[in-house]
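Here's the letter readout for the chains.
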Amino acid sequence: MTAQGKDSASLILEAASLNKSFGPVQVLHDINLQVYAGEVHAIIGENGAGKSTLMKLFAGNERPTNGELRIDKKPVTFAGSVDAENHGVVLVHQEILLAPDLTVAQNIYLGRELTRGPIVDDTAMREGAAKAIRDLGAVIDPDAIVGRLSIAQRQLVQIARVLLVPHRLVIFDEPTASLSPVETDALLAVIRDIKAKGVAVLYISHRLPEVKEIADRVTVLRDGRLIGTHDAASLNPADMARLMVGRDVSKLYPDRKAAAAREPVLEVDNFTVPGYVTDASFKLQKGEILGFAGLVGAGRTELMEGVVGLRPASGTIQHNGNPARFRDAQESLKAGIVYLSEDRKGKGLLLGKDLRINLTLASLRHFVSGLQIDARKERQALDDAIRDFDIRTGRKDLLAGQLSGGNQQKLLLAKMMMLNPSIVIIDEPTRGIDIGTKEQIYRFIVGLAEQGKSVIVVSSEMPELIGICDRIVVMRSGHIAGEVTGDAMTEHEIVVLATGVSSEKVA
């Protein structure tokens, strides 16, 4: 589908010379864009390219500094997101915006509760919520408390909530970043159904093969500027990556020498995290990158949280040959083990605090002089981190929440490296991150191993585990299903272990 091939009557939304500045920092420059009914229009670009800001303008969450937004060829100024929804424009946010203490059904109908007379109809809302979740190809109890769901399940609940609003244009901002391949396929099927009904879809994703599969047209942003709009059929993922970053990124994973067998630095035996993991055992060697694969809900994150003391657990741990038991995260930090949560926004960073505070908070004792914090030393540490981790920020006084996802991840890495750990556990290191930043993070992880540090990488992205790890442990339903190494480190072998389906059935 090309813009030229569309009837002008099907033009739903148009951006005309849109600009957006936050204070002295201009993040969007003269954006011109058209979105038509019955098309999936992908927006791609590096973290910080302006994608999410542009979507917030379209959805009424922000107002342009100048330029014009048009709906059905008529200029419009949204008073807010509700006003945009009244015009048929809805946004599935990248961030999870749900009430954690309410149920799935209560969240889906929050603010638009179904009633029977003067009474809220809980039965009708439970049934409606169950259907909305089923339509996404998922099974989630409508009475489940949202705060107890996985990040992937919360994202599906958020999508179901948005799609209940009458819509002409649906904006998906990184909707599959937390989803498994099965859940992703189900969501893409829903998007195709939406498109077939004549609804327009704006789709942001860093998963370029996914963009190739679902999009009709692709618009590329770089540094807040529109580089071009192309028919998706004319681009392959490598072309998209090159347009995004302005250089060839075909060499995504750094070269590594095969790691020789070394002494174990962490031995976990018969480890159980009640309700999540049973009798898990593994070893991590010095200078090794050990991957953990498995489907969503397999227990990978819960196992790591149990090891570092974030969850109650039983079993034995040997750290550098000595028995260890970490009752909380502070004890594991003192032992030189750091854990970078998959939920960098909720658990890794203080989004409402500035970069300096976030960087030095975990290692604050190193910045205390007498009874005062040495602000000069903190500022120097921030300058070093911005340089060493390539944190791209126009101003150093920004809040962490104002950084793009990729730069937030770099800030979190810098924060934890301030502790000079010997063991680094990274959960979903590149979730929601563009391909250029992925390349940087992979180089950083490999560099840690080359320095003699030991790294555990938990990831739903099988190619990245295969690309950077020495060995991969595969989990299934709370158990260690097996381990792959060498030539056996293939997606096929990982899927066989993760699903429990025999090799003959998968072939």
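So, how was this worked out
- Residues numbered from 1 in each chain as written.
- Predicted model: local features only at pLDDT ≥ 70, side-chain atom pairs only at ≥ 80, totals over all residues.
- Heavy atoms only, no water.
- Axes fitted to C-alpha atoms, helices over the stretch in contact; angles between N-to-C directions.
- Helix = DSSP H or I, 4+ residues; strand = E, 2+ residues; numbered from the N terminus.
- Parallel < 35°, antiparallel > 145°, perpendicular 65-115°, else oblique.
- Contact = heavy atoms within 4.5 Å.
- Nonpolar A, V, L, I, M, F, W, Y, C, P; charged D, E, K, R; others polar.
- Pairing = 2+ DSSP bridges.
- Buried < 20%, exposed > 50% of the residue type's maximum accessible area, 1.4 Å probe, protein only.

(A) Expanded view of the packing of helix H5 (residues 151-163) against helix H6 (residues 181-196). Across the interface, H5 lies against H6 with an axial gap of 12 Å and an inter-helix angle of 10 degrees. Between H5 and H6, the angle is such that the two are roughly parallel. Within the contact between the two elements, H5 uses Ala152, Leu156, Ile159 and Leu163 and H6 uses Glu183, Leu187, Val190 and Ile194. For the contact of H5 with H6, a count of residues per class yields seven nonpolar, no polar and one charged.

(B) Representation of the sheet that holds strand S23 (residues 471-476) in the model. Strand order across the open sheet formed by six strands is S18-S21-S22-S15-S23-S24, with mixed pairing between neighbours. Each having just a single partner strand, strand S18 (337-340) and strand S24 (479-485) make up the two edges of the open sheet. Strand-to-strand twist across the sheet, computed as the mean angle between neighbouring axes with direction ignored, equals 20 degrees. By the bridge criterion, six bridges tie S23 to S24 in an arrangement that is antiparallel. By the bridge assignment, Val474 is partnered in S24 with Gly482. Lying over the sheet, helix H14 (residues 405-417) contacts S18 and strand S21 (423-427), oriented at roughly 165 degrees with respect to S18. Helix H17 (residues 491-499) contacts strand S15 (289-294), S23 and S24 of the sheet and is inclined by roughly 30 degrees relative to S23.

(C) Examining the pairing of S23 more closely. With five of six residues buried, S23 is to be regarded as a mostly interior element. Where S15 lies against S23, five bridges are found, and the strand directions are parallel. Across the sheet, the residue bridging to Gly291 is Ile472, located in S23. Once S23 ends, the chain turns through two residues before running back antiparallel as S24, passing Ser477 with a positive phi of about 50 degrees.

Nothing here speaks to function; it is geometry throughout.
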